[in-house]
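# Architecture at a glance
The primary structure of each chain is shown beneath.
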Amino acid sequence: MNIVFMGTPDFAVPTLKALYNAGHNVKAVFTQSDKPKGRGYKLTPPPVKVCALENSTPVYQPQSLKKGEDAETSINILKELNPDYIIVVAYGKILPKEVLDIPKHGCINVHASLLPKYRGAGPIQWSVLNGEKETGVTTMLMAEGLDTGDMLLKASTEIGVNETASELHDRLSVIGADLLIKTLDELEKGNITPEKQDDSLSSYAPMLSKDMCPLDFSKSATEIHNKIRGLSDWPCATAMLGDKRIKIYKSEIVSVDDKNHTAGQIINEKDLTIACGIGSIRILELQAEGSKRMKTADYLRGNPVAKNQLFR
């Protein structure tokens, strides 16, 4: 099958690799521009570009597919490529109708939620932030709306009680790759009838921002735990301990109903158990300003804290 692939971050790489491994003809890859990264702001290619070049696939990085000379050139290239499908995984750009209409059989998106829930840019993080017990991946035919196209196949998975958004991201990227290959196989056999989404059941998962990072320990242990998991590894939950800003990457719930302590109070200084408005949590991984991410036990060996000291 002749494929044009559009994707950018790590999440999209397993699907691109799966297309190669399944023997599909990936005629070209479209991805976002190289971006400066790290302390030296070295221009770095997106992960999808690296994978494509390793497989000798032509790579295109248009600034826009909607307007301007870049868009016109890209549309002409896509028409010349004449793909059976355009596969889109976390590309990060809106495809206009002119692009959606190019492939013979349509554009297929791999979306990391059980649609119609969690349409938008942050479905993985919001499923964790909201304390969902289950999520998954949906393949769908793309339409002009935001994740509104007809659904093809779904694969569901349970979310672990302590699983972070970052860990779930990595699992779903593999689930999505397998599901996309199955979707193409079943479409070729004529075994899939696209299913319209019920808009009344839809919800929106916007992009995360650093404004969300500070923790409010007056909330329940469950809410705080879900926030820590949902914001890990980026933008990462934060709290102040004395004059130090601490990033908190992992936690676990110790109690869900204890109300005997002041919110934010360290009630066990040996393992960093912290009282919440209701219940308590234990910090498992953190990063202090000017330091690296580490297990709590390693941090406490060099930075002892006092019982009853307050996180705020």
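Relevant structure appears above.
For every chain, the first residue of the written sequence is number 1, and numbering continues from 1 along that sequence. It should be noted that, the model being predicted, local features are given only for residues of pLDDT at least 70 and side-chain atom pairs only at 80 or more, the latter also being counted only at that level, while totals for whole chains, interfaces and linings use all residues. With hydrogens and water stripped out, all remaining heavy atoms of the structure feed into the side-chain values.

## A closer look at the sheet that holds strand 8 (residues 134-141)
Within the open sheet, the 7 strands sit side by side as 5-2-1-6-7-8-9. Their pairing is mixed. Strands at the two margins of the open sheet, each flanked by one partner only, are strand 5 (59-60) and strand 9 (151-158). Two elements, strand 1 (residues 2-7) and strand 6 (residues 85-89), share 5 bridges in a ladder whose sense is parallel. Among the inter-strand pairings, methionine 6 is bridged to a residue of strand 6, identified as valine 88. The contact criterion used throughout is that any non-hydrogen atoms of two residues lie within 4.5 Å. Every angle, taken between N-to-C directions, lies between 0 and 180 degrees, and every axis is a line fitted to C-alpha atoms, over only the stretch in contact when it is a helix. To qualify as a helix, a DSSP run of H or I must reach at least 4 residues; to qualify as a strand, a run of E must reach at least 2; elements of each kind are numbered from the N terminus. Packing against the sheet, helix 1 (residues 13-21) makes contact with strand 1, strand 2 (25-30) and strand 6, and its axis sits at approximately 155° to strand 2. Packed on one face of the sheet, helix 6 (residues 165-189) meets strand 1, strand 6, strand 7 (107-111), strand 8 and strand 9 and runs near 145° to strand 9. When DSSP finds at least two bridges between two strands, those strands are taken to pair.

## Looking at the nonpolar core
Counting 37 residues, the largest nonpolar core has Phe5, Leu16, Leu19 and Ile87 as the members making the most contacts within it. Every residue in contact with isoleucine 87, bar those within four places of it in the chain, is listed here: Ile3, Val4, Phe5, Met6, Leu19, Ile108, Leu180 and Leu184. The term nonpolar core refers to a set of buried residues drawn from Ala, Val, Leu, Ile, Met, Phe, Trp, Tyr and Cys, joined through side-chain atoms within 4.5 Å. A 1.4 Å probe rolled over the protein chains alone gives each residue an accessible area, and that area as a share of the maximum for its type sets the label: buried under 20%, exposed over 50%, partly exposed in between. Core analysis: the second largest hydrophobic core is formed by 30 residues, Phe217, Ala237, Leu272 and Cys276 among them.

## Examining the pairing of strand 6
For strand 6, the tally of buried residues reaches 5 of 5 residues, placing the bulk of the element in the interior. By the alternation rule, side chains of strand 6 split into Tyr85, Ile87 and Val89 and Ile86 and Val88, which are all buried. Alignment of strand 6 against strand 7, held across 3 bridges, turns out to be parallel. Bridge assignment links valine 88 to a residue of strand 7, and that residue is asparagine 109.

## Some words on the environment of valine 50
Summarising the element assignment, valine 50 is placed in helix 2 (residues 47-54). In this structure, the C-alpha to C-alpha distance between valine 50 and phenylalanine 30, residues 20 residues apart in sequence, is 12 Å.

## Here's the deal with the pairing of strand 14 (residues 280-288)
Every other side chain in a regular strand lies on the same face of the sheet, so the side chains alternate between the two faces. Counting buried residues along strand 14, 7 of its 9 residues qualify, which places the element largely inside the surrounding structure. By the bridge criterion, 8 bridges tie strand 11 (residues 244-255) to strand 14 in an arrangement that is antiparallel. Note that in strand 14 the partner of lysine 247 across the bridge is glutamine 287. Bridge count for strand 13 (residues 273-275) against strand 14 is 3 bridges, and the pairing is antiparallel. Within the sheet, the bridge partner assigned to alanine 275 lies in strand 14 and is serine 280. Here strand 13 hands over to strand 14 after 4 residues, with glycine 279 in that stretch at a positive phi of 85°. In the sheet, strand 14 pairs with strand 15 (residues 294-295) via 2 bridges, with the strands oriented antiparallel. Residue pairing in the sheet places leucine 286 in a bridge with methionine 294 of strand 15.

## Description of the pattern of salt bridges
It is possible for side chains bearing opposite charge to pair when their charged atoms get close. What makes a salt bridge here is a side-chain nitrogen of Lys or Arg within 4 Å of a carboxyl oxygen of Asp or Glu, nothing more. With the rule as written, the count across this model stands at 17 salt bridges. The closest approach of N and O atoms between aspartate 150 and lysine 196, which form a salt bridge, is 3.7 Å. In this pair, aspartate 150 sits in the loop between strand 8 and strand 9 while lysine 196 sits in the loop between helix 6 and helix 7 (221-231), placing the two residues 46 residues apart along the sequence. A single salt-bridge network, built from bridges that share partners, covers Glu167, Asp233, Lys250, Glu285, Arg293 and Lys295.

## Points about unusual backbone geometry
Residue aspartate 233 follows serine 232 across a cis peptide bond; omega there is 10°. Tracing the sequence through the fold places aspartate 233 in the loop between helix 7 and strand 10 (237-241). Following tryptophan 234, the chain continues to proline 235 via a peptide bond in cis, the omega torsion being 5°. Here proline 235 shows up in the loop between helix 7 and strand 10. Despite not being glycine, aspartate 147 has its phi angle at roughly 55°, a positive value.

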